[in-house]
Amino acid sequence: AQSVTQLDSHVSVSEGTPVLLRCNYSSSYSPSLFWYVQHPNKGLQLLLKYTSAATLVKGINGFEAEFKKSETSFHLTKPSAHMSDAAEYFCVVTGTSGTYKYIFGTGTRLKVLA
Amino acid sequence: SAVISQKPSRDICQRGTSLTIQCQVDSQVTMMFWYRQQPGQSLTLIATANQGSEATYESGFVIDKFPISRPNLTFSTLTVSNMSPEDSSIYLCSVDIASTQETQYFGPGTRLLVL
């Protein structure tokens, strides 16, 4: 069965420093992987997705993620954090092939310190 | 992408009553999904709603409690029936536009508080 683990429930960084949000997945086939962001009192916004093309995926707002099959990881990074990046981030893996169902990680709350 | 709206955006309800949440999309989509996000938690899929067929419910969710309608390719409703305080959550709909390779786009959510 497919699953996804977000290794940190909370991450704090200083403004201008790099961001690393970790995600590991388990899948019996080649999955699609996504990162979504949820700002307070907002819906979910797609940051980026991996769908078996290039392993380094660039998203919006300077975020990127690298798919590493050998490590079953899909970590989200950003070179320099902005105050506006403070939000909840969800790593998502697709479920059983062909169903298009999402399996969500438990989320990582990113705090950006001035 | 798609523009998705939900009504109401928030509501406060009394236990034992029911609330119907509407989800409207600005384009025709085959697959729509309903999720629940309990306070401080991640998202859990309630059901998949495809036009022209009965909704498919996930384990732990039943039609009597969460009836869903999907009358056309741009609209769906989720009803939360006989509510209790445990139903206090954010309810989100999402759509899968087939041409975007499994990507789901989410509505802004409906924040429900049951007293």
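Residues numbered from 1 in each chain as written. Chains lettered and ligands numbered in written order. Predicted model: local features only at pLDDT ≥ 70, side-chain atom pairs only at ≥ 80, totals over all residues. Heavy atoms only, no water.

Bringing the overall build of chain A into the picture now. Broken down by element type, chain A carries 0 helices and 12 strands. The helix and strand sequence of chain A, counted from the amino end, reads β-β-β-β-β-β-β-β-β-β-β-β. Whereas a compact globule of 114 residues would reach a radius of gyration of roughly 13 Å, chain A reaches 14 Å, a difference of no more than 12%. Here the C-alpha coordinates of chain A stretch approximately 45 × 30 × 20 Å along the principal axes. Within the span of chain A, comprising 114 residues, buried residues form 45% of the whole. (Helix = DSSP H or I, 4+ residues; strand = E, 2+ residues; numbered from the N terminus. Rg over C-alpha atoms; globule rule 2.2 N^0.38 Å. Buried < 20%, exposed > 50% of the residue type's maximum accessible area, 1.4 Å probe, protein only.)

Our focus in this paragraph is the interface of chain A and chain B. Accessible area lost when the parts come together is the quantity often used to give the size of an interface. On the chain B side, the residues contacting the 20 residues of chain A number 22 residues. Carbon and sulfur atoms make up 52% of the surface buried where chain A meets chain B, a total of about 1,600 Å² over both sides. The interface formed by chain A and chain B includes 1 salt bridge. Between Lys101 of chain A and Glu58 of chain B there is a salt bridge; the shortest N-O distance is 3.1 Å. Taken together, the connections running from chain A to chain B amount to 6 residue pairs in polar contact (both at pLDDT 80 or more). (Contact = heavy atoms within 4.5 Å. Buried area = accessible area lost by both parts, 1.4 Å probe. Salt bridge = Lys/Arg side-chain N within 4 Å of Asp/Glu carboxyl O. Polar contact = N/O pair within 3.5 Å; in protein donor to acceptor, adjacent residues only side chain to side chain.)

Residues Phe104 of chain A together with Ile46, Val95 and Phe106 of chain B are the most contacted members of the largest nonpolar core, which totals 44 residues. Apart from the residues within four sequence positions on either side, Phe104 of chain A is in contact with Val4, Leu44, Phe90, Cys91 and Val92 of chain A together with Tyr35, Ser42, Leu43 and Phe106 of chain B. Counting residues in each nonpolar core, the second largest holds 26 residues, with Val19, Cys23, Trp35 and Ala81 of chain A among its members. (Core = buried A, V, L, I, M, F, W, Y, C linked by side-chain atoms within 4.5 Å.)

Before going further, it helps to spend a moment on the packing of aromatic side chains. The tally for this structure, following the rule as stated, stands at 16 aromatic pairs over all chains. Joined through ring pairs, the aromatic side chains of Phe34, Tyr36, Phe90, Tyr102 and Phe104 of chain A together with Tyr35 and Phe106 of chain B make up one cluster. (Phe/Tyr/Trp six-rings, centres within 6.5 Å; stacked < 30°, edge-to-face > 60°.)

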